[in-house]
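Given next are the chains, with one letter for each unit.
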Amino acid sequence: MLIKQNLYNIKNSLPENVTLIAVSKTQPASSIMEAYQAGQRAFGENKIQEMTEKFDILPKDIEWHMIGHLQSNKVKYMAYFVHLIHGVDSFKTLKEINKQALKHNRVINCLLEVKIASEETKFGLSFDEVEQLLKSEELKNLKNINIQGLMGMASFTENNEIIRAEFKTLKTLFDSLQKYKSLNVNSTILSMGMSGDYKIAIEEGSTMIRVGSAIFGSRNYN
């Protein structure tokens, strides 16, 4: 019942234009089913093997979001079912997603991950790299991907002003990219904000938040 109540509380506080991704990594199928029965359909995982195992045993109307750092050689394992890939940080990865999507006669939705935090451990493209990628002629040949927007993770800090400033810069970039519209680029999603900072992210223009512990409680990594 706790998961259901947490979901209810969060969803009731969200603006209509914000999509909630329930981050279910490390959570058992039973917890995901509890959220599913409470009406949640979009779930986020950061390990492909764990996501495919859950896909096999859980209801097929679940939207699976790959939110972790993505290695190109793992794309093939989820290409037949993944709904949205959040962490694309290279053209090489986009090409691999396109290749695997073609094998399954699918168009796979992607977000470009942008590095907005100062921490060296964070992945992502620079602002210039995002622009160069979207301008490139080569991108037009990738007909089995759909770039739906951007994703970014703020610095791991308790300083809300730093977090807010990072989200603000990503929203500015997102707005500036609206001029890059094509058959495989349609920037409508700005994925930023997690359990600790999603309220700030929404204030700064996020349209998709990734929330785990605020729904499921603390994770068990054992």
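What you are looking at is a predicted structure, and each value in this text was computed from that prediction instead of being measured. (Residues numbered from 1 in each chain as written. Predicted model: local features only at pLDDT ≥ 70, side-chain atom pairs only at ≥ 80, totals over all residues. Heavy atoms only, no water.)

Caption draft 1: View of the overall build of the protein chain. Scanning the protein chain from N- to C-terminus turns up eight helices and eight strands. Taken against the 2.2 N^0.38 rule, which gives 17 Å for 222 residues, the C-alpha radius of gyration of the protein chain at 17 Å falls within 12% of a compact globule. Expressed along its principal axes, the backbone C-alpha trace of the protein chain runs to roughly 50 × 45 × 35 Å. Once local pairs closer than 6 in sequence are excluded, the contacts in the protein chain between residues at least 24 apart make up 60%. Summed over all atoms, the accessible surface of the protein chain reaches about 11,000 Å², with 51% contributed by carbon and sulfur. Distance from the positive charge centre (27 side chains) to the negative charge centre (25 side chains) of the protein chain: 5 Å. (Helix = DSSP H or I, 4+ residues; strand = E, 2+ residues; numbered from the N terminus. Rg over C-alpha atoms; globule rule 2.2 N^0.38 Å. Contact = heavy atoms within 4.5 Å. Areas by Shrake-Rupley, 256 points an atom, 1.4 Å probe, with all protein chains shown as cover. Lys, Arg positive; Asp, Glu negative; His and termini not counted. Charge placed at Lys NZ, Arg CZ, Asp CG, Glu CD.)

Caption draft 2: Expanded view of unusual backbone geometry. Positive phi is not limited to glycine here, since Thr26 has a value of about 70°. Looking at the element boundaries, Thr26 is found in the loop between β1 (19–23) and α2 (29–37). Judged by its relative accessible area of 29%, Thr26 falls in the partly exposed class. In this model, Asn105 sits at a positive phi of 55°, which is unusual for a non-glycine residue. Note on placement: Asn105 falls in the loop between α4 (91–103) and β5 (108–114). We classify Asn105 as exposed; its relative accessible area is 69%. (Buried < 20%, exposed > 50% of the residue type's maximum accessible area, 1.4 Å probe, protein only.)

Caption draft 3: Broad picture of the packing of aromatic side chains. Per the counting criterion, the structure on display carries four aromatic pairs. Each ring, one from Phe43 and one from Trp64, has its centre 6.1 Å from the other, and the planes form 40°; the classification is tilted. Of this pair, Phe43 sits in strand β2 (residues 42–45) while Trp64 sits in strand β3 (residues 63–66), placing them 21 residues apart in sequence. Residues Phe43 and Trp64 agree in their burial class; the two are buried. Judged by centre distance (4.9 Å) and plane angle (70°), the ring pair of Tyr80 and Phe81 falls under edge-to-face. In this structure Phe81 comes out as buried when scored by relative accessible area, which is 9%. Members of the aromatic cluster, connected to one another through ring pairs, are Phe55, Tyr80 and Phe81. A cation over an aromatic ring shows up here: Lys60 above the ring of Phe55, its NZ or CZ 4.7 Å from the ring centre. (Phe/Tyr/Trp six-rings, centres within 6.5 Å; stacked < 30°, edge-to-face > 60°. Lys NZ or Arg CZ within 6 Å of the ring centre and 35° of its normal.)

Caption draft 4: Structural view of the nonpolar core. The biggest cluster of nonpolar side chains holds 63 residues, and the ones touching the most others in it are Leu94, Leu112, Leu134, Leu139 and Leu150. No other element matches helix α6 (residues 160–176), which puts five residues into this core. Not counting the four nearest positions on each side in its chain, Leu139 is found in contact with Phe91, Leu94, Leu133, Leu134, Ile145, Ile147, Asn184 and Val185. Judged by nonpolar contacts, the second largest core, of seven residues, contains Ile21, Ala42, Leu111 and Met208. (Core = buried A, V, L, I, M, F, W, Y, C linked by side-chain atoms within 4.5 Å.)

Caption draft 5: Examining the pairing of strand β6 (residues 145–152) more closely. Here β6 lies mainly inside the structure; eight of its eight residues are buried. Two strands pair when backbone bridges link them, and β5 and β6 are joined in this way by seven bridges, in the parallel orientation. If you follow Leu111 over to β6, its bridge partner there is Gly149. Bridging between β6 and strand β7 (residues 185–192) involves five bridges; their strand directions are parallel. Residue pairing in the sheet places Gly152 in a bridge with Met192 of β7. Viewed along the sheet, the connection from β6 through α6 into β7 turns out right-handed. (Pairing = 2+ DSSP bridges. Right-handed = clockwise from strand over helix to strand, strands pointing away.)

Caption draft 6: Broad picture of the pattern of salt bridges. One pass over the structure, following the stated rule, counts nine salt bridges. Between Lys140 and Glu137 there is a salt bridge; the shortest N-O distance is 3.0 Å. For Lys140, a relative accessible area of 46% puts it in the partly exposed group. Each of Arg164, Lys168, Glu203 and Glu204 takes part in one network of salt bridges that share partners. (Salt bridge = Lys/Arg side-chain N within 4 Å of Asp/Glu carboxyl O.)

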